[in-house]
Every structure is written in structure tokens, then in C-alpha cells.
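# Chain and residue survey
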Amino acid sequence: MSAAAMLSVRNLSIMFGGVHAVEDVSFDVNPGEVFAIIGPNGAGKSTIFNLISRLYEPCSGTIHYGDHDLLELPAHKIVRTGIARTFQNIELFEQATVLQNLLVGRHRHMSANPLTALAFLPSVRKSELEHRRKVEDVIDLLDIAQYRDERIADLPYGARKNVELARALCAEPTLLLLDEPASGLSSEESDDVGFWLEDIKHDLGVTLVMVEHDMNLVGSIADRVMAINDGRLIAIGTPDEIRDNQEVQQAYLGVSA
Amino acid sequence: MQVLFKTCYEDDIRFLAKTGEKVRVGLVIAALLAAPLWLQNYYLAELGLLLVYAIAGIGLMILTGYTGQVSFGHAAFLGIGAYCHSILISHGVPFSVSVILTTAFSAAIGMALGRSASRMHGFYLAIATLAFLILVETLLGEWTSMTGGYAGLKVPALVVFGMPLKAVWQQYYLDLFFVLIVVMAAANLFRTSTGRSFLAVRDSELSARSLGVNVEWVKIQSFGVSAAITGLAGVLLAHHLHYLSPEVFNVLESLKLMLMIVVGGLGSILGAIFGAILISLLPISISFLKDVLPPGIGQQAGLEPLLFGLIIVLFIVFEPLGIYGRWMKLRYFFETFPYCRKSSFVRQKSYLRTERLR
Ligand SMILES: Nc1ncnc2c1ncn2[C@@H]1O[C@H](COP(=O)(O)OP(=O)(O)OP(=O)(O)O)[C@@H](O)[C@H]1O
Ligand SMILES: [Mg+2]
């Protein structure tokens, strides 16, 4: 299993001021699957994402993605290995338009040179138009054309969630980390997200890792689920197995095991 | 009301897509070109100076308005530009070569400052840039053999491509030429991925990083571009001042640049230009105020900085988008008349960062 794994995390630990936020967690994500991470508040789910995107430095452990040892890379080089992400609290570029946000998503594929930019050489124009076309594909996919020229600050919450997903897709990732993609959405919106994620998995062939509290969504699209509590791994299995797991139920009910 | 139908992606990267904008900008450029015909020399020189400050404002705007890095030390780059250029041409370097060298030198200093400042935020950055300004001011004063020290440095006459530009209108056209280039270049910058990475760093360093933006390098670049443009303004400023002394490039001058972009409207090139206009009108209003106010207040030494500070605070509180924001609202009002409602500009519901279901 580990040989075919796409993302492989081993014995990952991190402490914040003496508290183990993540402790000795190991898991593998296989190509093409939807892998969900669940756990009560403060369990360390977002922290795992932040470790993978290298925003936090682990105390110990390893993270490999394909042939890349992620711990050797700085945060801004992670997306070049094919990993894109969204944030739990929506981190969009508030004062920029939707289009500008999505184009920043293309950053990994564009060359940025201030001198040619100041002169707007023909080569720059050509590349701008080319990447614009790619962005339009994503806009069509997630149906956000009506917001294209709006500033993020003027968008409703649901639209922001979509735009953040779209921005991550613009990077053309092979692995997408989604931190609570359906949180704060109405049940219809959350159903839409479910369909889009299916599309992203099937049509774009992107592997998905998501943190999600909505067990309906998890049950309908996840292939495997990892449950954690207090930074420690409790169980990995199919959604049904996890739902029936005693320890997981205890963790959610707050009963000490 | 004009509805804009875009027909191809080109429309979005083209400047001035609307006819109205084209006409407005065309009129302004025509008026500026014709200015020597309808302005007396005194006002023409003032207008030239305004253009120079517009360049400096755009320089600071790129750093503070677009990249979100405050600098209270930008007068230092005006000083570096002015001194470097004056020293070069007094050693016989031609104007055109000196402009290029000075801009490059200023960019290099800017990048060095950017490198040391790239890990600082907010308050610490403000202090660091202020310290940089004091360092430069002191250096300009103490390095007597090079700069003439506190006694000052005479700026050689303006000669471009072997042609002495003695008349006011000639110098005015030189200023205008550079303003147009700088506006063009700045507008170019923000329709490319380099410019967008600046915006990204301003709005969220976290997601900029996760999308592949090298945040430290962006800050260094932004400091570099900003310093280059402000240094260029310094070159032109030298020829308006005729005589340089270190105290010209002090904290008050920095504050003036900051005032320009805050009042003009952060995050827009037009804002920097509005700010320059305001700054040029301010001395007139201040001297008017001095006459009106009772002598006890009017003759106080610190009146000018006090007013600068007061205006900045008032704008931040009541019109955070600056004059530019006002202008957008006015334009929107006329374009949509009679449909514009007051609520069009009431901010939409903003969401708490923690708002979510469990
Ligand atoms: N930057 C940080 N500094 C200090 N403590 C942190 C930091 N980030 C996370 N923690 C702590 O680590 C623990 C795990 O946090 P994390 O955000 O990963 O939880 P989570 O599982 O995502 O919870 P939620 O469902 O609320 O999003 C918490 O106790 C949190 O307080
Ligand atoms: Mg979380």
C-alpha cells in the first residue's frame, strides 16, 4: 500500500507550548481516492493540513508526496509538487476581484519578472491570455461567471467558498487539501459542493483530502476516513466502519476512553 | 447607463475599455500637453512639481497601496535619487545615462532595504523604514566630500541629449514625459502575474504562499520597483529645487508622501495622482489658514505637520477609500442616474472569520 501511496505521512508530531496538537500520526493517501479526516474541535485536523503545506514546522516525522520529501521544501514550493489547498477560514485576496484571485491561482505556472511586466512585452501579453483561458475553464466548471469582476469583499459567504475552491483548482493540482469545504453552507449549497467534488475527482482526476464535520457529505463521497482526537489517530477505515467504531463515538461524545 | 459587454479576454487586459474613460484620459493628456499655452510660468513650474510628486506617489503606492508594506522612509529615496543624479551629472555623466544609473542604484538600495524588512510587519516595518530615513539623512549630511554636507549641493543645469532645457516649459515637458511612462509602467505591472503577486501578499500572505508566491521575494521586488520610481522622482525633483540639502528629505517629507497616497486612495494609481494634486494645493490653503487663524495659533511652528496628521486621520476614519473612492462613487452616480441608491455603497454584510456551522 505504501509503495503505491501518493501522500505518505509518517509519525508526524507537533507541539504548541507543551501541548501535542498532532502526535505520532501516520497515514497514506492513495491516488484517485477521497480521503476524509474527521475529529472533534481542536483535534488537530487543520494542523495536519498546515504541516503538509509547510506553514508549520513539525517536531518530528516525515511527509512524502510522490518523489518529493516535503520537509525539504519551503511553503511556496509545495504547490509546484501538485498540492493545492483551501483554508478553514477562507483566505482570499479580499480587495482583489474574483478574476485576479483565480489568476493568482495560476501563479505556479506563470513566470513573473518585474522588468518584462513593467514593459508588458508581447510575450507577457501572450501568456496572460493563455492563462486567462485556463481560468475561464475553472469559472465554467464551478459556475461562478456572474461574480467574475466582483471584489471578494462584496461576495456572499457561499460564493467565497466556491471562489476559494476555484482558485485552488486553477493551480491544476494533483492533490487537493480541503479544510471544511461545506462548513457554513446551507444544505443545498453543501449538496452542490458534494457534486463538484465528485466532478473534480472523476473529470480532473484530482485526489482529495478533506477535513469535514458534515458526516452526510463524508459518507457520500469519501472512500476512506481517518478519525483523530486530541492529536492522536483513532482509526482509519471506510465511512461505515468509522461510524460504527466505538472509540470514535466516544471521542465525539466526549467520554474518556 | 452604459453597460459594458466584453467580447474577448483582451478586453480585460486592455487599458481604458470604456469609451468614457478613453475620452476622459484623452482630455486630461491633451490639457496637460497644452498647459504651456494657457498657464503662466509660475503655475507651469508648480504643475511640473505636481507631476514629480505624482511619480513619487506612484512609487510609494506600489509598496504601500498595492503590496501592503508601509514605509515612513520614502523621502530617503527621493534624496538618494536627487543626490546621486546631481553628483553624477556634475561629474560629466550625461542626463540620460545618469537617469538610468540613478534609477538602478535606487532600486538596488530599495531591494536591500526590502530584504532586511521582508520579515517585518506593521509597526516594526514602520520603525525600520523610519530608521533607514534617518540613516540616509545623516549620511547625506556627514559625507561632506561627496554631498557637500549640510552646506548643500548645487544641482547642475538641466541638459538633455546635449540640449540645455532652460525654459520652464521645456522642463515641464520632461516631467510630463516621465509621468506618462511611469503611469504606463505601473498600470502594466498590475495586469501581470508579478503585480498580482503584490496584491496577494497585501491581502493574505498565507494563501499567497500556498499558491506558490515567494512572499519574501515579492517584498524585495516591490521595494525595488517602488524605490526605483521614487528615485526617478528624486532626479526630476533635483532640477526643481536647484539646490539640495539633507534636511529637505526629512520625516515631514515622508509623511507628505504617505498623506498623498492615503488621502488619494490606497490601491489605485489614480489615487496617487489625486494625492499629488491635494499636496500641491495644501500649502496655499495653509497660508490662507495662517492669515485667518488668530496669530497665537497661526504662527505656531508645528502647524503644517499637525495638519498633515489631522488630514490623514480624518480620511482614515471617514473615507478609507480616499479621494479615489469618492470619485468612483460620483462616477457611479452619474453613470447610473437616476437609479443610484444610497445603499449601493453600503458595505455588504461582512462575515466573521469564525462564522461556520459545527
Ligand atoms: N498556531 C498555533 N499556535 C498555538 N496553538 C495552535 C496553533 N494552531 C493550532 N493550535 C492548537 O492545536 C490544536 C489543534 O488545532 P486545529 O486547528 O488543528 O484543530 P481542528 O481539528 O482543525 O479543529 P476545528 O474543528 O475547530 O477546526 C488546538 O488545541 C489549537 O489550539
Ligand atoms: Mg480546523
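Structure shown above.
Residues numbered from 1 in each chain as written. Chains lettered and ligands numbered in written order. Predicted model: local features only at pLDDT ≥ 70, side-chain atom pairs only at ≥ 80, totals over all residues. Heavy atoms only, no water.

### Let's talk about the overall build of chain A
Convention followed: A run of H or I in DSSP becomes a helix once it reaches four residues, and a run of E becomes a strand once it reaches two; helices and strands are each numbered from the N terminus. Both definitions apply: the radius of gyration is a C-alpha atom measure, and the globule rule equals 2.2 Å times residues to the power 0.38. Using a 1.4 Å probe on the protein chains alone, a residue whose accessible area is under 20% of its type maximum counts as buried, one over 50% counts as exposed, and one in between counts as partly exposed. Note on contacts: a residue pair is in contact if any heavy atoms of the two residues lie within 4.5 Å. Where accessible areas are quoted, they stem from the Shrake-Rupley method and a 1.4 Å probe; at the residue level, only the protein chains shown are allowed to cover. Counting rule for charge: Lys and Arg are taken as positive, Asp and Glu as negative, and neither His nor the chain ends is counted. Taken as the charge location is NZ of Lys, CZ of Arg, CG of Asp or CD of Glu.
Within chain A one finds 9 helices and 10 strands. Taken over C-alpha atoms, the radius of gyration comes to 19 Å for chain A, in line with the 18 Å a tight globule of 257 residues would show. Taken along its principal axes, the extent of the C-alpha atoms in chain A is 65 × 40 × 35 Å. A total of 257 residues make up chain A; the buried ones form 54% of that total. Considering only contacts within chain A whose residues lie at least 6 apart along the sequence, 66% involve residues at least 24 apart. On chain A, roughly 10600 Å² of surface is accessible, and the fraction owed to carbon and sulfur atoms is 48%. Positive and negative side-chain charges of chain A, numbering 22 and 38 respectively, have mean locations separated by a distance of 8 Å.

### Concerning unusual backbone geometry
Residue and element names in this part refer to chain A. A positive phi angle is found at F120, which is not glycine, with a value near 45°. Its location among the elements puts F120 in the loop between helix 3 (114–119) and helix 4 (122–142). Accessibility expressed as a relative area gives 8% for F120, which makes it buried. One non-glycine residue, E180, adopts positive backbone phi at about 55°. As for its position among the elements, E180 is in the loop between strand 7 (175–179) and helix 6 (187–203).

### What about a nonpolar patch on the surface?
Residues and elements named next belong to chain B. Note the threshold: Like charges within 9 Å and nonpolar side chains (Val, Leu, Ile, Met, Phe, Trp, Tyr) within 5 Å are joined into patches, using only residues over 30% in relative accessible area that form no salt bridge. Take a side-chain nitrogen of Lys or Arg and a carboxyl oxygen of Asp or Glu: if they are within 4 Å of each other, that pair is a salt bridge.
Residues L310, V313, L314, V317 and F318 make up a contiguous nonpolar surface patch of roughly 510 Å² in combined accessible area. Tracing the backbone through its elements, the reader meets F318 in helix 15 (residues 303–318). For F318, a relative accessible area of 64% gives the class exposed.

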